[in-house]
Amino acid sequence: MAHSLKFTSKITTIERHILEEQRFYPEATGDLTYLLYDIALAGKIIASHTNRAGLAEILGQASGEVNIQGEVVQKMDVFADQTMYRLNDHTGRLAVMASEEHEDILPIPDEFPKGKYVLLFDPLDGSSNIDFNVSIGTIFSIFRRKSEGDGPGTLEDCLQPGRDLVAAGYLLYGASTMLVYTTGHGVHGFTLDPSVGEFLLSHPYIQIPAKPKYYSVNQGYERKWSPGVQRFTKYLQGMDGDGKGLPARYVGSLVADFHRNLLSGGIYYYPGEVADGGKLTGKLRLMYEAIPLAFIAEQAGGYASNGWINILDVQPTELHQRVPLFIGNRDLVETAEVYIRKYDEG
Ligand code: AHG
Ligand code: MN
Ligand code: MN
């Protein structure tokens, strides 16, 4: 007897999902679809490299080809940076790129056509964790170019506010490799099946659970925080007002901390520190970290703030601008804003 071909649920590869999303854009040329697919491919390559990270030196020596400065044993962040660039520099889909690892914008080489999108990325997030086999990731933002024509993209093309994002996402190299992205129609998570090398839809339409589970911050810096942030932390610990009494979790890789809180509910924050002259400066980068994750948080029903205003409304002025970041469940982030407004100077 023939088997029934009726399945109760379909298997959605990332390719199929991205293609199906294209239906939201009847005018789509397919460029964004293929751009996202190229990023997924970069992620697979970086993931397979991270799995062998501790072996690179041994394998390099064994083959006698390369030494510690050579290609094979190159540092993971350099490898991730070059992989993202090289997979996207020749496709004709991008006008320009920018990476956390480079001071200036990354032009598309002269010999290749220029496209209508702009790609910004943090190639390896959590770099201080690389040597310790702790989860790391790649974060990306995609904008439409603002400059006219099909010439090289400009710095202005890169300095767009989060409100203008077309798509954003991250790859997480953890116990399994995941890709999470949004084009403004919900947040979708895919898990890499390493046996077939495909990202399969495992977390459709992610929404941050209403009841938060954790708060995440590097408490080692508490002495440097403003009074508002210190009191807000007491609130989270259940020691101020109608506080929550939440347990803490902090990996030290933003992608991993954000991803856990996205699925469990909670808040991550990296506040500004009171620097010389009393001015507050954050550590995290607006373009490569805060903006893309803010868009994902919002799409998942959450919220991201610099303590005063929505991260998506911050107008960028520099490629490597840093911001304080509070991100996660909307009510917790809004409570942080209330504390900051009440106890801190503007
Ligand atoms: P990157 O590795 O891309 O430079 O980013 C590091 C960031 C972020 O991943 C993490 O949340 C934060 O730095 C950790 O900083 P602390 O060690 O100061 O807590
Ligand atoms: Mn980072
Ligand atoms: Mn980085």
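Residues numbered from 1 in each chain as written. Chains lettered and ligands numbered in written order. Predicted model: local features only at pLDDT ≥ 70, side-chain atom pairs only at ≥ 80, totals over all residues. Heavy atoms only, no water.

Asks: Got a minute to help me understand the coordination of the manganese ion (ligand 3) in this structure?
Replies: Perfect tetrahedral coordination of a metal by four donors corresponds to 109.5 degrees between them, and perfect octahedral coordination by six donors corresponds to 90 or 180 degrees. Each protein donor to the manganese ion (ligand 3) is listed here as Glu 100 (OE), Asp 122 (OD) and Leu 124 (O); together their distances run 2.3 to 2.5 Å. Here the donor residues of the manganese ion (ligand 3) are spaced in sequence according to E-x21-D-x1-L. Taken as a pair, the manganese ion (ligand 3) and the manganese ion (ligand 2) show a spacing of 3.7 Å, with Asp 122 coordinating each metal. One end of the pair, Glu 100, is in the loop between β1 (94-99) and β2 (106-107); the other, Leu 124, is in strand β3 (residues 117-125), with 24 residues separating them in the sequence. A residue is classified by how much of its surface remains accessible, and Glu 100, at 14% relative accessible area, is buried. (Donors = N, O, S within 2.8 Å, 3.2 Å for Na, K, Ca; no water. Helix = DSSP H or I, 4+ residues; strand = E, 2+ residues; numbered from the N terminus. Buried < 20%, exposed > 50% of the residue type's maximum accessible area, 1.4 Å probe, protein only.)

Asks: Before we go on, may I ask you to explain helix α1 (residues 14-21) in this structure?
Replies: Residues spaced three or four apart along an α-helix point in a common direction, a consequence of the helix completing one turn every 3.6 residues. Regarding α1, the residues found buried are Ile 14, His 17, Ile 18 and Glu 21. The arc enclosing the buried residues of α1, seen along the axis, measures out at 95°, which places them on a common side. For α1, the secondary structure elements touched by its buried residues are α2 (31-51), β6 (177-182), β7 (187-193) and β8 (198-203). (Arc of directions from axis to C-beta. Contact = heavy atoms within 4.5 Å.)

Asks: Please clarify how the sheet that holds strand β4 (residues 136-144) should be interpreted in this entry.
Replies: Within a sheet, neighbouring strands are paired by backbone hydrogen bonds and run either parallel or antiparallel to one another. With mixed pairing, the 8 strands of this open sheet are ordered in space as β2-β1-β3-β4-β5-β6-β7-β8. Looking at strand neighbours, the two that pair on one side only are β2 and β8, the edges of this open sheet. In this structure, β7 lies alongside β8, joined through 5 bridges in antiparallel fashion. Residue pairing in the sheet places Gly 189 in a bridge with His 203 of β8. Together, β1, β2, β3 and β4 form the strand contacts of helix α4 (residues 76-88), whose direction differs from that of β3 by roughly 160°. (Pairing = 2+ DSSP bridges. Axes fitted to C-alpha atoms, helices over the stretch in contact; angles between N-to-C directions.)

Asks: What is the right way to look at the nonpolar core in this model?
Replies: Buried together is how nonpolar side chains tend to be arranged in soluble globular proteins. Within the largest apolar cluster, 45 residues are counted, with the highest numbers of intra-cluster contacts made by Tyr 170, Leu 262 and Ile 311. The biggest single contributor to this core is helix α8 (residues 286-299), with 10 residues. Contacts of Ile 311, omitting those with residues within four sequence positions, involve Leu 286, Ala 290, Ile 291, Ala 294, Ala 304, Ser 305, Asn 306, Val 323, Pro 324 and Leu 325. One finds Ile 18, Met 76, Ile 130 and Tyr 173 within the second-largest nonpolar core, a separate group that totals 34 residues. (Core = buried A, V, L, I, M, F, W, Y, C linked by side-chain atoms within 4.5 Å.)

Asks: Could you clarify how one ought to interpret the site of ligand 1 in this entry?
Replies: Asp 125, Ser 127, Asn 218, Tyr 250 and Tyr 270 are the nearest of the 18 residues found near ligand 1. Between ligand 1 and Leu 254, the relevant distance is 2.9 Å, taken from an oxygen atom to a main-chain nitrogen or oxygen of the residue. Tyr 270 places a side-chain nitrogen or oxygen 2.5 Å from an oxygen atom of ligand 1. In terms of residue count, the dominant contributor to the shell around ligand 1 is β3 (3 residues). Residues lining the shell around ligand 1 come from more than one domain, with at least three contributed by each of domain 1 (14-203) and domain 2 (214-344). (Near = heavy atom within 4 Å. Polar contact = N/O pair within 3.5 Å; in protein donor to acceptor, adjacent residues only side chain to side chain. Domains from an automatic or database assignment.)

Asks: Whenever I open this one, the pattern of salt bridges confuses me. Can you help?
Replies: Side chains that carry opposite charge are capable of pairing whenever their charged atoms lie near each other. Here the structure, examined in full by the defined rule, presents 14 salt bridges. Ionic pairing is found between Arg 93 and Asp 38, a salt bridge with its closest N-O pair at 3.1 Å. Here Arg 93 is found in the loop between α4 and β1, whereas its partner Asp 38 is found in helix α2, with 55 residues between them in sequence. The exposure class assigned to Arg 93 is buried, which follows from its relative accessible area of 15%. Under the relative-accessibility criterion, Asp 38 is labelled buried at 12%. Counted as one network, the salt bridges with shared partners bring together Lys 10, Arg 16 and Glu 20. (Salt bridge = Lys/Arg side-chain N within 4 Å of Asp/Glu carboxyl O.)

Asks: Got a minute to help me understand the environment of Leu 236 in this structure?
Replies: Note on placement: Leu 236 falls in helix α6 (residues 227-236). Considered as a pair, Leu 236 and Leu 246 are 10 residues apart in the sequence and their alpha carbons are 5.9 Å apart. For Leu 236, the contacting residues outside a window of four places in its chain are Tyr 215, Lys 244, Gly 245, Leu 246, Ile 267, Tyr 269 and Leu 332.

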